[in-house]
Amino acid sequence: MLRRGQLVYLARESLAGFSRRRLTTGVTILIMGSALLVLALFVLVALNLGMMLERARAGVDVRVFLVDGLDAERQAALQPPFLAVPGVQAARYISKEQALAELQRELGDEAGLLETLPENPLPASYHLELAPGHRDADAVARIAADLRRWPEVDDVVFSQIWLAALENWAELFRWGSLIVSLVVLVAAVFVISNTVRLTMASSRRVIEIQILVGATDGFVRSPFLIEGMLHGLFAGIVAMGVLAGGFRLLSLRLAGLEFFSLGQVAGFVLFCVLLGFLGSMAAISQYLRLRKTA
Amino acid sequence: MADIAVNRWGPLDPRVIIGFFHVQLRYRDQLALDDVTFSISNGEFVCITGPSGAGKSSILRLITMDLFPTQGQVVVRGMVSTRMGRRRIPHLRREIGFVFQDFRLLEDRRVYDNVAFVQLVVGAPQAQVKKNVMRVLTQVGLWDKRDRLPHELSGGEQQRVAIARAMVNSPKILLADEPTGNLDPVTAQEIIDLLFRINDSGTCVIFSTHDHEIVKTFGQRVMVIQDGRLVSDQERRIPERDRAPRLTERMYQPGQDHA
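Conventions and cut-offs
Residues numbered from 1 in each chain as written. Chains lettered and ligands numbered in written order. Predicted model: local features only at pLDDT ≥ 70, side-chain atom pairs only at ≥ 80, totals over all residues. Helix = DSSP H or I, 4+ residues; strand = E, 2+ residues; numbered from the N terminus. Buried ≥ 20, exposed ≤ 12 C-beta atoms within 10 Å, placed from the backbone. Contact = placed C-beta atoms within 7 Å. Pairing = 2+ DSSP bridges. Axes fitted to C-alpha atoms, helices over the stretch in contact; angles between N-to-C directions. Parallel < 35°, antiparallel > 145°, perpendicular 65-115°, else oblique. Left-handed = near helix turned anticlockwise from the far one by under 90°. Domains from an automatic or database assignment. Nonpolar A, V, L, I, M, F, W, Y, C, P; charged D, E, K, R; others polar.

### Focus: the overall build of chain B
Helices and strands together make up the secondary structure of chain B, namely seven helices and twelve strands. Across the 259 residues of chain B, 44% fall into the buried class. Of the contacts formed within chain B by residues at least 6 apart in sequence, a portion of 68% connects residues at least 24 apart.

Right, dumping it as structure tokens:
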């Protein structure tokens, strides 16, 4: 276990390395921050797209119009079979009269127009609500096609086309952002590991003497790991800060967008710290291995 | 840790602090050491000599287990090279001090920090760090210059800082690899005298040099390495009057402080 003196020493050593190479440190944080900004941006857009999609799906409105001429009893008796369709969560019956009343309400002042009609032209219908997991375009289309074959059903209407388009876009974007994210991740790790390698090269003598006087590998490593993690931390904070600023500006014009939750921001920054850790770990292990074979 | 080491050649004499048993060391295709066998007891002062590249440094690096023999065994403080886990190496190194020809001080740190650093690395309690640093820096006569940076010191002073650094963890063994190689004879003699004083207080000192002038002034055990073989290992016990004169006595008007 480390003693207090060792901890103080390690902390001082890591911070010294950090501030001694202010320029390198600054540049590293900026480069890595930019890379992470791109990453965060993609994640944020994907998140918003996902949310839009979810909202759109929740609003998917499947209306099943019944053929004319069924008596009220048979119409009401259709509820259990509708509920039995896989994916249907709720089925609300809307009689001809209710449909007319609804239309009247929507027309408001112009409701008088309806008085002129000889009879109620609106069909009775069922308003189906789909369970989550059955709300994507494919599932909705399948259910609709199924219902159309029922003899009692005249037509099924739902907002199919734009939902499918949105889903296609979201899918494309998810793949695109996954690829970009991977590239960015590799770049970020690379940038960090390069910086740590520079740091290690300039602390060659310290490392050599530490090893000579019996420092454990872990002890030799830790200042560089801490340095890498600090790089990640600051780069993550920079990326999040810039993104949050840009988002504020944008959301003034575009309503309905959402930023990361506080937990997600913390998670992202923590992830950046992890990247810093990985980058410096790679550099150190390589360095110690090379030293062994030298 | 101090279990009595037993190896293929039988149990070790408990006084033996360093034992080489038929050590062969191969560097790629080169045979750096071949069938080297010797043992060094607690508190000895041993001079290893021989031409440059004969294998002196390899012997020292085998002792710190920075290298491992391709054949045979090295035993240091009861730790056997063939049964040494990587994790235990740091513990071995804490019992060994090392001094180099080129000092290897940390140029951006004060003298005090150069020495204290070693204590911090091994996790000495904070209260003891200052005490120990003060003790060794006083011993080498540099406590007054503790706030200087290495480049503000003369070569001899820098080597004394290096020795203080090697001694601050109170090692049982001090390895000095050509410690006088970069120094003028007066300063070299000072360093040698300092190493003798350290030996007097019980630390085993192993001193490597290719300089015959220095070897001739010694009355101690001298091992001669040539082409990777131990060609001579003599306990000289030369009485003081028969030794070559000290390096300083041959100097024309010896100076007091060679910077």
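### A closer look at the sheet that holds strand 2 (residues 88-94) of chain A
Residue and element names in this part refer to chain A. Strand order in the open sheet formed by four strands is 2-3-1-4, and the pairing between neighbours is antiparallel. Each of the sheet's edge strands pairs with one partner strand only, and the pair in question is strand 2 and strand 4 (153-157). Across the sheet, the axes of successive neighbouring strands diverge by a mean angle of 20°, strand direction being ignored. Examined bridge by bridge, strand 2 and strand 3 (residues 125-130) share six bridges and lie antiparallel to one another.

### Side note on the packing of helix 2 (residues 22-58) of chain A against helix 10 (residues 217-253) of chain A
Residue and element names in this part refer to chain A. The N-to-C vectors of helix 2 and helix 10 enclose an angle of 50°; their axes lie 7 Å apart at closest approach. For the element pair helix 2 / helix 10, the angle class is oblique. When you trace helix 2 past helix 10, the crossing you get is right-handed. Contacts between helix 2 and helix 10 involve Thr-28, Ile-29, Met-32, Gly-33, Leu-36, Leu-37, Ala-40, Leu-41 and Leu-44 on the former and, on the latter, His-231, Phe-234, Ala-235, Gly-236, Val-238, Ala-239, Met-240, Val-242 and Leu-243.

### Focus on the domain arrangement of chain A
According to the domain assignment, chain A contains domain 1 (4-55 + 165-293) and domain 2 (61-158). Just the C-alpha atoms count here: the centres of domain 1 of chain A and domain 2 of chain A sit 54 Å apart.

### Some words on the sheet that holds strand 10 (residues 204-209) of chain B
Backbone hydrogen bonds are what pair the strands of a sheet, in a parallel or an antiparallel way. Residue and element names in this part refer to chain B. Pairing is mixed across the open sheet formed by six strands, whose spatial order is 8-9-10-5-11-12. If you trace the sheet from one side to the other, it starts and ends with strand 8 (96-99) and strand 12 (229-234), each paired once. On average, each strand axis in the sheet is tilted by 15° relative to the strand beside it, whichever way the strands run. Examined bridge by bridge, strand 8 and strand 9 (residues 173-177) share four bridges and lie parallel to one another. Residue Gly-97 lies in a different strand from strand 9, and its bridge partner there is Leu-174. Contacts between helix 1 (residues 56-63) and the sheet are confined to strand 5 (45-49), strand 8, strand 9, strand 10 and strand 11 (221-226), with strand 9 contributing the most and set at about 150° to the helix.

### Quick notes on the packing of helix 5 (residues 155-167) of chain B against helix 6 (residues 185-200) of chain B
Residues and elements named next belong to chain B. With their axes 9 Å apart at the nearest point, helix 5 and helix 6 run at an angle of 20° to one another. Judged by the inter-axis angle, helix 5 sits roughly parallel to helix 6. For the pair helix 5 and helix 6, the sense of crossing is right-handed. Only Thr-187, Glu-190, Ile-191, Leu-194 and Ile-198 of helix 6 make contact with helix 5, whose side of the interface consists of Gly-155, Gly-156, Gln-159, Arg-160, Ile-163 and Met-167. When grouped by side-chain class, the residues that make up the contact of helix 5 with helix 6 number five nonpolar, four polar and two charged.

### A few points about the interface of chain B and chain A
Contact with chain B, which involves 17 residues of that partner, is made by 16 residues of chain A. The element contributing the most residues to the side of chain B that touches chain A is helix 3 (residues 111-122) of chain B, with four residues. In terms of residue class, the side of chain B that touches chain A is built from ten nonpolar, four polar and three charged.

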